[in-house]
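Residue-level structure breakdown
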Amino acid sequence: LERLEITPQSSQIESYLKHLLCHVVKGQSKMTENHLVTSMCMSAQITALLPYIAELKKLTELRISMTVTSTEQSKAFKRILRGNKLEILEISDCVLTPEVCDALKQGFPRMSSLKSLMFGMDEIPDHNAYGQVLCAAIHLQLSSFHLDRVSLSDANLDVLCDVMPH
């Protein structure tokens, strides 16, 4: 398995995927890390799976829509970013809360493998926290950076101009 795309439509699917990921992490499934689970596409319905995804040590691509609602989910998101294997990170249809922004701000300086970063149609309730995320992005050696339908404050536009290579 080289790519795992998850787009659940109901809580039943969420429960199934949680069970499946738990078995993958524990090595109790034919789909093991030796099969190289490298990519996951998720919707907000399965943000509860973040703790299980954080255990996938070979994850190189994460495309996620999420609303972090608990401290456990926030910590798991930080662990995913600290894993330092992600090459592609796409965050879309997400509420970039101060907790999510903090995880990104702390994670970016350690993410030497990250080559592509995309924010799309995200809600930004705290523009100061998002500005700090953009400042932390200066540490990344990106070959691709996308902002798609993200509403930025004037201050964030200034920060973005400062951190992007000229």
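Throughout this description, residue numbers start from 1 for each chain and increase along the sequence as written. Only residues with pLDDT of 70 or above have their local features reported here, since the model is predicted, and side-chain atom pairs are shown and tallied only from 80 upward, although totals for entire chains, interfaces and linings are computed over all residues. To get the side-chain values, all heavy atoms of the structure are used, and hydrogens and water are removed first.

1. Quick notes on the pattern of salt bridges
- The term salt bridge refers to a pairing of a side-chain nitrogen on Lys or Arg with a carboxyl oxygen on Asp or Glu at a separation within 4 Å. Tallied over the entire structure, the rule returns six salt bridges.
- In this structure, the salt-bridge partner of Lys57 is Glu55, at a minimum N-O distance of 4.0 Å.
- Whether a residue is buried, partly exposed or exposed follows from its accessible area with a 1.4 Å probe, protein chains only, as a fraction of its type maximum: under 20%, in between, or over 50%, in that order. With a relative accessible area of 32%, Glu55 lands in the partly exposed category.
- We note a salt bridge from Asp148 to Arg149, for which the minimum N-O separation is 3.2 Å.
- Salt bridges sharing common partners tie together Glu61, Arg63 and Glu90.

2. Thoughts on the nonpolar core
- Counting 41 residues, the largest nonpolar core has Leu89, Leu104, Phe108, Phe119 and Tyr130 as its most contacted members.
- Numbering of helices and strands starts at the N terminus; helices are DSSP runs of H or I of at least 4 residues and strands are runs of E of at least 2. Those elements that provide at least two residues to this core are α2 (50–53), β3 (61–64), α3 (71–82), β4 (88–92), α4 (98–107), β5 (116–120), α5 (127–136) and α6 (154–163).
- Per-element tally for this core: the top contributor is α5, with five residues. What makes a nonpolar core is a set of buried Ala, Val, Leu, Ile, Met, Phe, Trp, Tyr and Cys residues whose side-chain atoms join them at distances within 4.5 Å.

3. A look at α5
- Within α5 the residues assigned to the buried category are Ala129, Tyr130, Gly131, Val133, Leu134 and Ala136.
- By definition in these notes, contact holds between two residues if any of their heavy atoms fall within 4.5 Å. Considering only its buried residues, α5 is in contact with α4, β5, β6 (144–148) and α6.
- Here a polar contact is taken to be a pair of N or O atoms separated by no more than 3.5 Å, where protein atoms must pair a possible hydrogen donor with a possible acceptor and residues adjacent in sequence count only if both atoms sit in side chains. If you check the start of α5, you find a side-chain oxygen 3.1 Å away from the backbone N of Asn128, and it comes from Asp126.

4. Digging into the pairing of β3
- Between any two strands, at least two bridges found by DSSP are needed for them to pair. As paired strands, β3 and β4 are joined by four bridges and run parallel to one another. If you follow Arg63 over to β4, its bridge partner there is Glu90.
- Handedness of a crossover is defined as follows: with both strands directed away from the viewer, a clockwise route from the first strand across the helix to the second makes it right-handed. For the segment spanning β3, α3 and β4, crossover handedness is right-handed.

5. Thoughts on the pairing of β4
- In this structure, β4 lies alongside β5, joined through five bridges in parallel fashion. Bridge pairing in β5 places Leu89 opposite Leu117.
- For the crossover from β4 across α4 to β5, the handedness is right-handed.

6. Looking at the packing of α4 against α5
- Interaxial angle, 0 to 180 degrees, is taken between N-to-C directions of lines fitted to C-alpha atoms, where a helix line uses only the stretch in contact. It is the contact of α4 with α5, at a shortest axis distance of 9 Å, that shows an interaxial angle of 15°. As summarised for this structure, α4 and α5 are arranged roughly parallel, according to the angle between their axes. You can see that α4 and α5 cross each other, and the crossing is left-handed. In this structure, α4 uses Pro98, Cys101, Leu104 and Lys105 to contact α5, whose residues at the interface are Ala129, Tyr130, Gln132, Val133 and Ala136.
- Just so you know the grouping, Ala, Val, Leu, Ile, Met, Phe, Trp, Tyr, Cys and Pro go in nonpolar, Asp, Glu, Lys and Arg go in charged, and all remaining residues, Gly too, go in polar. Taken together, the residues of the contact of α4 with α5 break down into seven nonpolar, one polar and one charged. Note on angle classes: values under 35 degrees are labelled roughly parallel, values over 145 roughly antiparallel, values of 65 to 115 roughly perpendicular, and the remainder oblique. Helix crossings get a hand from a simple test, with the near helix turned counterclockwise from the far one by less than a right angle marking a left-handed crossing and a clockwise turn marking a right-handed one.

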